[in-house]
Amino acid sequence: MKKIARWALAFAAVMSVSGSAMALPEGVGYKVVLNTGLRKLPVGQVAFTWLEQGASLFNDTCACAVKWCNEAGLPSCANMLVHEELTSYDQDCEYRALYPADATLTIDPAYDNWGFDSRQQKKRVARMSAMQDGTNAVIKGVFQYGSVLSMAYSFTMTPTTHP
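Residues numbered from 1 in each chain as written. Predicted model: local features only at pLDDT ≥ 70, side-chain atom pairs only at ≥ 80, totals over all residues. Heavy atoms only, no water.

Enquirer: Would you mind going over the pattern of salt bridges in detail, with residue names and values included?
Expert: Evaluated as defined, the whole model comprises 3 salt bridges. For Asp117, the salt bridge goes to Lys123, with nearest N and O atoms at 4.0 Å. With a relative accessible area of 4%, Asp117 lands in the buried category. Salt bridges here are not isolated pairs; linked through shared partners, they connect Asp117, Arg119 and Lys123. (Salt bridge = Lys/Arg side-chain N within 4 Å of Asp/Glu carboxyl O. Buried < 20%, exposed > 50% of the residue type's maximum accessible area, 1.4 Å probe, protein only.)

Enquirer: Could you give me a rundown of unusual backbone geometry, with the residues and numbers involved?
Expert: The backbone of Gln120 sits at a positive phi, close to 65°, despite the residue not being glycine. For Ala137, which is not glycine, the phi torsion reads 65° and is therefore positive. One can find Ala137 in the loop between strand 7 (122–132) and strand 8 (139–145). (Helix = DSSP H or I, 4+ residues; strand = E, 2+ residues; numbered from the N terminus.)

Enquirer: Lay out the environment of Thr36 with the relevant residues and their values.
Expert: For Thr36, the location among the structural elements is in the loop between strand 1 (29–35) and strand 2 (40–55). For Thr36 and Ala152, which are 116 residues apart along the polypeptide, the C-alpha to C-alpha distance reads 9.2 Å. Not counting residues within four places of it along the chain, the set of residues in contact with Thr36 comprises Leu41, Ser118 and Tyr153. (Contact = heavy atoms within 4.5 Å.)

Enquirer: Which residues make up the pairing of strand 9 (residues 152–159), and what values go with them?
Expert: Of the two faces of strand 9, the one lined by Tyr153, Phe155, Met157 and Pro159 is fully buried and the one lined by Ala152, Ser154, Thr156 and Thr158 carries no buried residue. Across 6 bridges, strand 1 lies against strand 9 in antiparallel orientation. Its bridge partner lying in strand 9, Leu34 is registered against Phe155. Bridge count between strand 8 and strand 9: 6 bridges; the pairing is antiparallel. (Pairing = 2+ DSSP bridges.)

Enquirer: Could you give me a rundown of the packing of aromatic side chains, with the residues and numbers involved?
Expert: If you walk through the whole model with that rule in mind, you get 6 aromatic pairs. Taken together, a centroid distance of 5.4 Å and an interplanar angle of 85° make the contact between Tyr30 and Phe48 edge-to-face. In this pair, Tyr30 is assigned in strand 1 and Phe48 in strand 2, connecting sequence segments 18 residues apart. Each of the two residues, Tyr30 as well as Phe48, counts as buried. Taking the centre distance of 5.4 Å and the plane angle of 25° together, the rings of Trp68 and Phe143 count as stacked. Taken as a pair, Trp68 in strand 3 (residues 60–70) and Phe143 in strand 8 lie far apart in primary sequence, 75 residues in all. (Phe/Tyr/Trp six-rings, centres within 6.5 Å; stacked < 30°, edge-to-face > 60°.)

Spelled out as structure tokens, the structure:
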């Protein structure tokens, strides 16, 4: 009887979560690894939350809030605002939040974006440009910290569970 009660409670907990909270990539944490040339350094995990669909005459984007947490040393978190560019064949941000898709990702330059550098320290992100692979949901790109004149670091964001 206890086993049935546990299963019923687990089912009720899963069903009580809203649909947007279960959506991907929202339901998936991504492990971030920076490539410094000689070494690949893990610098925490990120999680995406879909905010809104932005439209302009030439370019539609999905705005996503990013929470980047690093557990090395003293645990801390940083925030970014990322825009996912929509393609002509896929114009719905809510649908894209459910399934990974081929996409171009950039940060919002008007927002104060922060991340973690190769020394595990919180640093302002001046530029980010990345691509997501729709098949395996891996995101690869480049970060520039401090200013757009600083050295660029390539990174990989790998989902901790396959979407």
